[in-house]
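So you can see what is in the structure, the chains are spelled out below.
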Amino acid sequence: MNDDPYTQSARLTGFLGWLDGERPDEADPAEAFHEASKNVPSIQPRVSPVAALLAADPTAGMPGATIARPVRRNLALPTVALPAPAYGDAEIGSAIGDRVSRRDFGSAPISLQQLSTLLHAAYGVTQEAQEGQEGRRVRSVPSGGGLYPLELFAVARNVGGVAAGLYHYDPLRHLLEVVRQEEVTDSLREILLELPQLPDIPATCGVVFFIAGVFWRTRFKYGLRGYRWILVEAGHVGQNMVLAAGSLGLHSFPNAGFWDRKVDAFLGLDGVNESVVYSLIAGSPADGAGHAPDPSFFS
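Residues numbered from 1 in each chain as written. Predicted model: local features only at pLDDT ≥ 70, side-chain atom pairs only at ≥ 80, totals over all residues. Heavy atoms only, no water.

This paragraph deals with the sheet that holds strand β6 (residues 175-181). One open sheet accounts for seven strands, arranged β1-β6-β5-β4-β7-β9-β8; its pairing is antiparallel. Single-partner strands in this sheet number two, and they are β1 (79-81) and β8 (251-255). Each neighbouring strand pair of the sheet contributes to a mean axis angle of 30°, computed without reference to strand direction. As paired elements, β1 and β6 share three bridges and run antiparallel to each other. Residue pairing across strands places A81 opposite L175, the latter belonging to β6. Sheet strands touched by helix α11 (residues 260-267): β4 (150-156), β5 (165-170), β6, β7 (207-214) and β9 (274-283). Its angle to β9, the strand with the most contacts, is close to 90°. (Pairing = 2+ DSSP bridges. Helix = DSSP H or I, 4+ residues; strand = E, 2+ residues; numbered from the N terminus. Axes fitted to C-alpha atoms, helices over the stretch in contact; angles between N-to-C directions. Contact = heavy atoms within 4.5 Å.)

In structure tokens form, the structure reads like this:
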């Protein structure tokens, strides 16, 4: 049995009591949600009135318009044009084989083109709308019902040609909206969990990505099960991004160590209808020998 400090702590609190032969707590919210979001053959899946309307006419009203343009957009914000993505010569096999989480970053900035490539790999448009698809454009990841319920934010700390600050990615226009430009190191220290066994991420990374779920975009059609699809889709986005980062020679890692409510406030999300679900961090390779991957975290 694994006796690392995390397992010992879990055993002490009883949260993972099943490790000692006990059953999980049937009142555990995670268990309740998982059961509530299952498809059960004896129960006809609920079809919302909006979903029924769209089945009859995919272009109907506001839902149809939302499906055709699933992105949060503020035309009053200034924008930063992104260059075309450049993936280089990396092959998918080598990218997968070389993938490993690296949390040691160097002093060199990542380039604007590298940032562009990471965002395009994560959630960018890869195919324009086909005839009969009501204006839907295909992106780099699969999405339940083609609803694309995620929004990507980039907190640029050390990106060449981009002032430090918070940016929102518009995948349909492939550009950044400037939410605000400011020094972000102290803000990142407030919203990311600091762990003594890790390098000083807020002061060394190039960019922190936050992935937010816009829950109604999927749940209006799929109900509770739609929340599962949002989390699955965020995983697709994260894997694309870390594979692209590796192929570009960057260090990156998926990050679950953040304070959710603080991140929501930082991004301007209400935390109920829209909330952060995932994060990834990237930067240039470390200047020295580097910091070995730590198996206690995502590796």
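And the narrative resumes.
With 37 residues, the main nonpolar core has L118, L152 and F209 as its most contacted residues. When residues of this core are traced back to their parent elements, those giving at least two are α6 (112-123), β4, β5, β6, β7, α10 (225-247) and β9. Looking at this core element by element, the count peaks at seven residues for α10. Residues in contact with L152, not counting those within four places in the same chain, are L119, A122, Y123, Y167, H168, Y169, F210, I211 and V237. Core analysis: the next-biggest nonpolar cluster, separate from the first, contains 21 residues, L188, C205, F253 and I281 among them. (Core = buried A, V, L, I, M, F, W, Y, C linked by side-chain atoms within 4.5 Å. Buried < 20%, exposed > 50% of the residue type's maximum accessible area, 1.4 Å probe, protein only.)

Where burial is concerned, most of β8 is hidden: five out of the five residues are buried. The alternating pattern of β8 places H251, F253 and N255 on one face and S252 and P254 on the opposite face, and all of these are buried. Note: β8 against β9, five bridges, orientation antiparallel. Counted as the bridge partner of H251 is G283 from β9.

Across the eight residues that make up β7, a large majority, eight, are buried. One ladder, built from seven bridges, connects β4 with β7; its direction is antiparallel. Note on β7: the bridge partner recorded for A156 is V207. In this sheet, β9 lies alongside β7 in antiparallel orientation, the contact comprising eight bridges. Note that in β9 the partner of V207 across the bridge is A282.

On to the side chain of T218, then. Here T218 lies in helix α9 (residues 216-222). Leaving out residues up to four positions away in the same chain, T218 has contacts with L147, P149, G223, G226, W229 and I230.

For the pair α6 and α10, interaxial distance at closest approach is 7 Å and the crossing angle is 145°. Handedness of the crossing formed by α6 with α10: right-handed. The segment α6 lies against α10, with L118, A121, A122 and Y123 engaging E233, V237, N240, M241, A244 and A245. (Left-handed = near helix turned anticlockwise from the far one by under 90°.)

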